[in-house]
Amino acid sequence: QVQLVESGGGLVQAGGSLRLSCAASGRTFSIRTMGWFRQAPGKAREFVASISWSGGRTYYADSVKGRFTISRENAKNTVYLQMNSLKFEDAAVYYCAADRMLRLGVNYEEYDYWGQGTQVTVSS
């Protein structure tokens with residue numbers, strides 16, 4: 001069993017930056033892939049970024065590529081999402097997810113564990 005807790009959300013001005021954190025606990029040794037998703041009101045859950053736990057391979061949605069950076073600190077069992085140059089369309093609830101399988105991680109249906117989400121609001 002794995003528990004994920006996101007933090008770091010808040011209100012940011014357009015063009016500003018924010019860093020989200022996702023702390024994993026429990027049987028973290030089973031995690032192979034971690035990802036960030038977001039969901040805005042009235043919209044489907046959207047893939048943002050993923051990272052392989054052991055190798056650090058990253059993958060980004062085109063909408064955030066060049067602006068967002070996913071990283072991890074294995075010793076702390078924590079994954080981060082650094083968000084720069086924030087746009088209004090980035091506003092959403094951001095969810096951290098963990099997968100026991102090593103894969104690209106773009107499909108939310110494939111993830112085994114989810115955090116509660118953290119709200120990111122962007123003012124324009």
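Trainee: Sorry, what's going on with the nonpolar core here?
Mentor: Nonpolar side chains in soluble globular proteins tend to be buried together. Ranked by internal contacts, the top residues of the largest apolar core, which has 35 residues, are L4, M34, W36, L81, M83 and Y94. In terms of residue count, the dominant contributor to this core is strand β9 (residues 92–99) (5 residues). Setting aside its immediate chain neighbours within four residues, L81 contacts L18, R19, L20, W36, V48, A49, F68, T69, I70 and Y94.

Trainee: Can you help me understand the pattern of salt bridges in this one?
Mentor: Once their charged atoms are close, side chains differing in charge can pair, the charge on each being opposite to the other. As enumerated under the stated definition, the model contains 8 salt bridges in all. A salt bridge links R103 to D99, with the shortest nitrogen-to-oxygen separation between them at 2.7 Å. Residue classification places R103 among the partly exposed positions, given a relative accessible area of 28%. One continuous salt-bridge network, built from bridges that share partners, spans R38, E46, R67 and D90.

Trainee: Sorry if this is basic, but what is going on with the pairing of strand β7 (residues 68–73) here?
Mentor: The side chains of a regular strand alternate between the sheet's two faces. As paired strands, β7 and strand β8 (residues 78–83) are joined by 6 bridges and run antiparallel to one another. Within the sheet, the bridge partner assigned to S71 lies in β8 and is Y80. A loop of 4 residues connects β7 with β8, the two strands running antiparallel in sequence, and N77 in this loop sits at a positive phi of about 50°.

Trainee: Would you explain the environment of R27 in this entry?
Mentor: Topologically, R27 is positioned in the loop between β3 (18–26) and β4 (33–39). Separated by 24 residues in sequence, R27 and I51 place their C-alpha atoms 18 Å apart. In this view, R27 contacts Q1 and V2; residues no more than four positions away in its chain are not counted.

Trainee: Honestly, the state of the cysteines in this entry has me stumped. Any pointers?
Mentor: By definition, a disulfide links the sulfur atoms of two cysteine residues through a covalent bond. Under the defined criterion, the tally for this structure stands at 1 disulfide. At a sulfur-sulfur separation of 2.0 Å, the disulfide partner of C22 is C96. On the sign convention where negative is left-handed, the bridge of C22 and C96, at about -80° about the S-S bond, is left-handed. With C22 in strand β3 and C96 in strand β9, the pair connects residues that are 74 residues apart, well separated along the chain. Each member of the pair, C22 together with C96, is buried.

Calculation rules
Residues numbered from 1 in each chain as written. Predicted model: local features only at pLDDT ≥ 70, side-chain atom pairs only at ≥ 80, totals over all residues. Heavy atoms only, no water. Core = buried A, V, L, I, M, F, W, Y, C linked by side-chain atoms within 4.5 Å. Buried < 20%, exposed > 50% of the residue type's maximum accessible area, 1.4 Å probe, protein only. Helix = DSSP H or I, 4+ residues; strand = E, 2+ residues; numbered from the N terminus. Contact = heavy atoms within 4.5 Å. Salt bridge = Lys/Arg side-chain N within 4 Å of Asp/Glu carboxyl O. Pairing = 2+ DSSP bridges. Disulfide = S-S within 2.5 Å.

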